[in-house]
Amino acid sequence: MDSIRIRGGRPLHGDVEISGAKNAALPLMIAALLTSEPVTLSRVPKLADIATLTKLLSELGVDIAAPDNGDADHSLILRAGNITSTVAPYELVRRMRASVLVLGPLLARFGEATVSLPGGCAIGTRPVDIHLAGLERLGAQISLEDGYIHASAPDGLKGAEYHLAAPSVGATENLLMAAVLAEGETVLHNAAREPEITDLIHCLSAMGAVIDGTDSDCLRITGQTKLHGTGHRIMADRIEAGTYAIAAAVTGGAVELLGARAPHLETPIECWRQAGITVEETARGLRVSSAGRIQSVNLTTHPYPGFPTDLQAQTMVLMALAEGSALISETVFENRFMHVPELSRMGADIELHGGNALVRGVKALRGAPVMATDLRASSCLVLAGLAAEGETIISRVYHLDRGYERLVDKLGACGAKIERLAG
């Protein structure tokens, strides 16, 4: 099993090209199921989750080509003109939670779908009941048997009004993709507002969908009889951008994040600035720099536009090195403090009380052998290793492969002493 070795204490300087967003790419790939015509996606990140979804879609009969265009702007051409199966099997769906998003498109276009209950990072309970209740509201018949969701709509889906019990990103995406081919009008209340959903809406609209309420928590969808193909460039990954921003800050360096967009990181940027970090918009993205000791800032995670849970672990590293004490409250996932014991091994002073972490800043972290437990915890430990004195060895880094493209290369190009060790 591979590991990563970091010799910390070196300020990062340079440019980092921000990859396409994984959390946008996955539903965009699945949206290709909604049409028989080709959908071309550019800036697709080369990640384990993308490879897993490619296998799943291929299993369903989607033809996927990756043309060699001679540059880093990786593209995929997806053709769902000859779907041979509407069954998403356990051995593929268990690897990645986003696989459940095939349910809505398959049901809307083909009238049936059988999808395994999903897997993914063990960061807390993320039930699919909101997805299923919404699809039932659209007229689907659903049963759960032997770990599989069996859904059918022999007369097609019908538009309806539905209020999501929580602003679930996955449920919003699933219901949105189902509604674009449902008969009549669908209104989704309390919909999630994440930028990745806006990116999906832009692509669906280019395919012929009619959707009002972009960037709001109320989406109004007028169903169409069919959609057509399109080309779409995936948005830059705001979580990757935030991770490298914190890398610059904890090492006392300066990094320009090429392609990053300030509006997608408005709440984190406010937090970073309060902590004494300089964040400037540039013609190419964002420039982040830090000089002097970081100041403690309290924060609470919330759905967008609140502070993203996917940046909570990385920000804890920042607060672990800050002057003073910070209270970090996690309200989205109940098990998202699994990185705390590992940070404590490196000298962090963190006290847990349920969904709250009291972080008392220390002057320095120390390198140590640590183990990653999930995707964002992995990147958190990388950041801690970059800032720490001495050597850090991070094991189980396969989690990183799910969400960070060429992380070792990107950090190394900015001066980090980092290498991947084959297991």
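For the structure, see preceding data.
Conventions used here
- All residue numbers here refer to positions counted from 1 along the written sequence of the relevant chain.
- Under the rules for a predicted model, residues below a pLDDT of 70 receive no local features and side-chain atom pairs below 80 are neither given nor counted, while totals for whole chains, interfaces and linings still include all residues.
- Side-chain measures here rest on the full set of heavy atoms in the structure, leaving out hydrogens and waters.
- Numbering of helices and strands runs from the N terminus, with a helix taken as a DSSP run of H or I at least four residues long and a strand as a DSSP run of E at least two residues long.
- The globule rule used here is 2.2 Å times the number of residues to the 0.38 power, and the radius of gyration it is set against is calculated over C-alpha atoms.
- Exposure is judged per residue with a 1.4 Å probe applied to protein chains only, and the accessible area is read against the type maximum: over 50% gives exposed, under 20% gives buried, and values in between give partly exposed.
- We call two residues in contact whenever any of their non-hydrogen atoms come within 4.5 Å of each other.
- Reported accessibility uses the Shrake-Rupley method at a 1.4 Å probe radius. Residues are deemed covered only where the shown protein chains occlude them.
- In this tally, Asp and Glu contribute negative charge and Lys and Arg positive charge; neither His nor the terminal groups of the chain are included.
- Lysine's charge is taken at NZ, arginine's at CZ, aspartate's at CG and glutamate's at CD.
- By definition here, a salt bridge exists when the distance from a side-chain nitrogen of Lys or Arg to a carboxyl oxygen of Asp or Glu is within 4 Å.
- Distance and chemistry together define a polar contact, namely a pair of N or O atoms within 3.5 Å, with one atom able to donate a hydrogen and the other to accept it when in protein, and with adjacent residues in sequence counting only for side-chain atoms on both sides.
- The pairing criterion is simple: DSSP has to find at least two bridges between the two strands.
- Here an axis means a line fitted to C-alpha atoms, over the contact stretch when the element is a helix, while the angle between two N-to-C directions is reported on a 0 to 180 degree scale.
- Grid spacing is 1 Å over the protein atoms alone, the probe is 1.4 Å, and a cavity is where that probe fits but cannot get out, while a pocket is an open set with protein on both sides within 12 Å along at least five of seven lines and lining residues have an atom within 4 Å of a point.
- Grid points are joined across faces, edges and corners, and a volume is the space filled by probe spheres set on the points.

A. Main features of the overall build of the protein chain. Assigned secondary structure in the protein chain consists of 13 helices and 24 strands. Since a compact globule built from 423 residues should have a radius of gyration of about 22 Å, the 22 Å found for the protein chain is in line with a globular shape. Its C-alpha atoms give the protein chain principal-axis dimensions of about 65 × 50 × 40 Å. Across the 423 residues that make up the protein chain, the buried fraction comes to 56%. Long-range pairs, those at least 24 residues apart, make up 75% of the contacts in the protein chain between residues at least 6 apart in sequence. Accessible area of the protein chain: about 16000 Å², with a carbon and sulfur share of 47%. For the protein chain, the distance from the average site of its 37 positive side-chain charges to the average site of its 48 negative ones is 6 Å.

B. The arrangement of unusual backbone geometry in detail. For the bond running from Tyr 304 to Pro 305, omega is 15°, close enough to zero to count as cis. Along the chain, the position of Pro 305 falls in the loop between β18 (299-300) and α10 (312-320). Phi angles above zero are rare outside glycine, and Asp 215 is one such case at about 75°. By the element assignment, Asp 215 lies in the loop between β12 (210-212) and β13 (218-222). The phi dihedral of Arg 406 falls on the positive side, at around 55°, and the residue is not glycine. When you line up the elements, Arg 406 lands in the loop between β23 (391-395) and α13 (407-413).

C. The arrangement of the pattern of salt bridges in detail. Across all of its chains, the model carries 18 salt bridges by this definition. A salt bridge links Asp 49 to Lys 22; its shortest N-O distance comes to 3.2 Å. One end of the pair, Asp 49, is in helix α2 (residues 48-60); the other, Lys 22, is in helix α1 (residues 22-31), with 27 residues separating them in the sequence. Note on Asp 49: relative accessible area 2%, which makes it buried. Put simply, Glu 280 and Arg 287 hold a salt bridge, and the shortest N to O gap is 3.7 Å. By sharing partners, the salt bridges in this structure join Arg 5, Arg 7, Glu 391 and Glu 419 into a single network.

D. Region of interest: the side chain of Asp 49. A polar atom in the side chain of Asp 49 sits 3.2 Å from the side chain of Lys 22. Side chain to side chain, Asp 49 and Arg 402 meet in a polar contact 2.9 Å long.

E. Representation of the sheet that holds strand β4 (residues 63-65) within the structure. On the basis of which strands lie adjacent, the open sheet formed by four strands has the order β4-β5-β3-β14 and mixed pairing. Strand pairing shows two members of the sheet lacking a second neighbour, β4 and β14 (230-233), which therefore form its edges. When the angles between neighbouring strand axes are averaged without regard to direction, this sheet yields 15°. As defined by bridge partners, strand β3 (residues 39-42) adjoins strand β5 (residues 75-79) across four bridges and the pair is classed as antiparallel. Bridge pairing in β5 links Val 39 to Leu 78.

F. Main features of empty space enclosed by the protein. All chains considered together, the criterion is met by one cavity of 30 Å³ or more. Here the largest cavity is characterised by a volume of approximately 40 Å³. As for the largest cavity, its lining consists of Ala 192, Arg 193, Glu 194, Ile 197, Thr 198, Ile 201, Asp 215, Ser 216 and Leu 219. Take the lining of the largest cavity: its biggest share by element is three residues, from helix α7 (residues 195-206).

G. Spatial organisation of the side chain of Glu 256. Mapped onto the elements of the fold, Glu 256 is located in strand β15 (residues 254-258). Side-chain polar atoms of Glu 256 contact the side chain of Arg 284, separated by 2.8 Å. Residues within four places of Glu 256 in sequence aside, it is in contact with Gly 14, Asp 15, Val 16, Thr 282, Arg 284, Gly 285, Leu 286 and Arg 287.

H. A look at helix α5 (residues 129-137). Buried within α5 are the following residues: Ile 130, His 131, Leu 132, Gly 134 and Leu 135. Turning to α5, the residues buried within the fold contact α4 (103-110), β8 (141-145), β9 (148-152), β10 (161-163) and α6 (169-179). Just downstream of α5 lies Gly 139, where phi reads positive at about 105°.

I. Quick peek at the pairing of β23. Residue alternation in β23 divides its side chains into a buried set, Thr 392 and Ile 394, and an unburied set, Glu 391, Ile 393 and Ser 395. Strand direction decides the pairing type here: strand β1 (residues 3-7) and β23, joined by five bridges, are antiparallel. Among the inter-strand pairings, Ile 6 is bridged to a residue of β23, identified as Thr 392. Pairing geometry for strand β22 (residues 369-371) and β23, over three bridges, is parallel. Paired with Val 370 across the bridge in β23 is Ile 394.

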